[in-house]
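This is what each chain is made of:
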Amino acid sequence: MIAPVAGAQTDAAQEARLAARFDELAEAGFTGFAAIAHDGEIIFARGAGLADPETNRPFTLDTQVDTGSITKSFTGMAIATLIDAGRLSPDATLADFFPGVPADKAAITVQQLATHSAGFPGAVGDDLSEESWDSFATNAFNADLQFEPGSDYAYSNVGFSLLAAIIERVTGESYEAYLVNDILIPAGLTHTGYDLVYDDALAARSRHGEAVRQASWGGHAPNWNLIGNGGLVSTPREMIAWQHAYAGGTLVSPGAHALAFTPHIREGHGAPSFYGYGLVIEDDPQIGRIYWHNGGNQAFNSHWRVLADQGYELFATTNQRGIDTDIAVEALTAALMDQDYTLRRPASADAPVLALDDTLGGHVAAEFLAMLASDDENVWRDYVLNRMSDELRAFAPIEGHLDMMRGMHQDFGQAEIIAIDESDGRIRLSLRDPQSGDVVPVVIEYTEDGLVNGLLLG
């Protein structure tokens, strides 16, 4: 069993830094919850804003939140457990589990799926639809691979959903039943999972008032575009306890732990980080070894981080994107370790409208906003085909991209620019919806040729 997480005292200076930094985050617009533990004992836990504005329910250690792509950390843990138990081989292939796999994908291995080196696109369907396994499998197996399996790295939700399906075939249980009943509940984690543990009375709401079931799952049980790669719910209390037990080596066997926490593949050419089984591994010159993963959608985002050499576990979750959990964890880590830090604040809703500069990033942003303002589907299609990089285009089928463009046009087609921050290969914008007054952060990453290779809106 994982021991209950109890409160612990920290030194006064550290406590003051953390409190001041969280106040700064909250003042800048962060809503959600952040928790920090040292060797499993919580030393900081604070909430800001409301988990449910309709009932005035605050965020607490026990609010059930969407962990997003952190789900991959749990899938990677389950895969490593099955491998170490001798029930699954990392060299097992898709053809070993699924009949009729196309020849270009038949030899893809469990190891390649678990390390984002199989070549699958990022997604092949909509997270909110009621997609069956047969429909998802058809889309996945018919998708074009981005590269020869095993030759490169590309983050893929598809690969982790296929791992979830493999778990089902190996165990004879549903993905969720195996994860929840065989691993999590025996460890005392009773609020982490999908439908088996979901509690609407505990669940956080989006800024538009939608609970996780509606905003993240589409109002029904998660579909196969989400199972195994996203949408798992948990609580800050259980995420802290899980991190301590998993990273500390007490939740799974030593062999499973070693397999999951090995830096198997670099996350892109020249990247400072590596991917294990569903988690990121990197070394900071001041902090040492760090394990982490983040994830989110338009409504929620979360981030877990273990400072392994320092003995700290951090978790943050939010229901807005102006101050997301990457920023929150970065800011709180700096306060924890007494490092210099300047918080990047979102633009105020009453800030004046700005014009884009005559730079490459300015031109890329102008093209994007012009496309967003158009209601012509042909303009959206042309943008996807001619202004996106091959890697970004491959993240979803063309219809998926068009659905995204349609939603962005409806929500922010006439938005105004009120903040610009441009750096090498990246431009950050804050857009104000002139009708609602909402401020939406946008990050556009682009190549030297001006092609968009990364896009985050909302």
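Residues numbered from 1 in each chain as written. Predicted model: local features only at pLDDT ≥ 70, side-chain atom pairs only at ≥ 80, totals over all residues. Heavy atoms only, no water.

Participant: Which residues make up the overall build of the protein chain, and what values go with them?
Facilitator: Looking only at helices and strands, one finds 14 helices and 16 strands in the protein chain. Against the compact-globule benchmark of 23 Å for 458 residues, the protein chain has a radius of gyration of 21 Å, which places it among compact chains. Across its three principal axes, the protein chain shows a C-alpha extent of roughly 60 × 60 × 45 Å. Out of the 458 residues in the protein chain, the part that is buried amounts to 53%. Excluding contacts between residues fewer than 6 apart, the proportion of contacts in the protein chain whose partners are at least 24 apart in sequence is 63%. Accessible surface, the protein chain: about 18500 Å² in total, of which carbon and sulfur atoms supply 48%. Taking the average place of the 25 positive charges on the side chains of the protein chain and the average place of its 65 negative ones, the gap between the two points comes to 2 Å. (Helix = DSSP H or I, 4+ residues; strand = E, 2+ residues; numbered from the N terminus. Rg over C-alpha atoms; globule rule 2.2 N^0.38 Å. Buried < 20%, exposed > 50% of the residue type's maximum accessible area, 1.4 Å probe, protein only. Contact = heavy atoms within 4.5 Å. Areas by Shrake-Rupley, 256 points an atom, 1.4 Å probe, with all protein chains shown as cover. Lys, Arg positive; Asp, Glu negative; His and termini not counted. Charge placed at Lys NZ, Arg CZ, Asp CG, Glu CD.)

Participant: Please give an account of the nonpolar core that cites residues and values.
Facilitator: Of all hydrophobic cores here, the largest spans 116 residues; its most connected members are Phe74, Met77, Leu88 and Leu94. In contact with Phe74, other than residues within four places in its own chain, are Tyr175, Leu179, Leu184, Thr192, Leu232, Met239 and Trp242. In terms of nonpolar packing, the next biggest core, distinct from the first, is built from 26 residues, Phe368, Ala415, Leu431 and Leu457 among them. (Core = buried A, V, L, I, M, F, W, Y, C linked by side-chain atoms within 4.5 Å.)

Participant: A description of the sheet that holds strand S2 (residues 41–48) should follow, citing residues and the corresponding values.
Facilitator: Pairing is antiparallel in the open sheet, where eight strands are placed in the order S2-S1-S12-S11-S10-S9-S8-S7. Both edges of this open sheet fall to S2 and strand S7 (265–266), since each of them pairs with a single strand only. As paired elements, strand S9 (residues 280–284) and strand S10 (residues 288–296) share five bridges and run antiparallel to each other. Its bridge partner lying in S10, Ile281 is registered against Tyr291. Across the sheet, helix H8 (residues 236–247) is in contact with strand S1 (32–38), S2, strand S11 (301–307) and strand S12 (312–318); its angle to S12 comes to roughly 145°. (Pairing = 2+ DSSP bridges. Axes fitted to C-alpha atoms, helices over the stretch in contact; angles between N-to-C directions.)

Participant: Can you tell me about a negative patch on the surface, naming the residues and giving the values?
Facilitator: Residues Asp357, Asp358, Asp421, Glu422 and Asp424 make up a contiguous surface patch of negative charge. Asp358 sits in the exposed class, given a relative accessible area of 69%. (Patch = residues over 30% accessible without salt bridge, like charges linked within 9 Å, V, L, I, M, F, W, Y side chains within 5 Å. Salt bridge = Lys/Arg side-chain N within 4 Å of Asp/Glu carboxyl O.)

Participant: Account for the confidence of the model for the protein chain, naming residues and giving values.
Facilitator: Chain-level statistics for the protein chain give a pLDDT mean of 92 and a share of 96% at 70 or above. Within the model, pLDDT remains below 50 along residues 1–9, and this stretch shows 21 contacts once partners closer than five positions in the same chain are excluded. (pLDDT = per-residue confidence, 0-100.)

Participant: Go over the sheet that holds strand S14 (residues 426–432) with me, naming the residues and quoting the values.
Facilitator: Ordered by their spatial adjacency, four strands build an open sheet running S13-S14-S15-S16, and the pairing between neighbours is antiparallel. Two strands lie at the open edges of the sheet, namely strand S13 (416–423) and strand S16 (452–457), each paired on one side alone. Taking each pair of neighbouring strands and ignoring which way they run, the sheet shows an average axis angle of 15°. When strand S15 (residues 439–446) meets S16, the two strands line up antiparallel, connected through five bridges. Following the sheet pairing, Val443 is matched in S16 by Leu456.

Participant: So what's going on with the side chain of Asp66? Which residues, and what values?
Facilitator: Within the fold, Asp66 resides in strand S5 (residues 65–66). Of note is the side chain of Asp66, whose polar atom sits 2.6 Å from the side chain of Ser216. Ignoring any residue separated from it by four or fewer positions in sequence, one finds Asp66 in contact with Val212, Ser216, Gly231, Leu232, Asn297, Phe300, Ser302 and Thr317. (Polar contact = N/O pair within 3.5 Å; in protein donor to acceptor, adjacent residues only side chain to side chain.)

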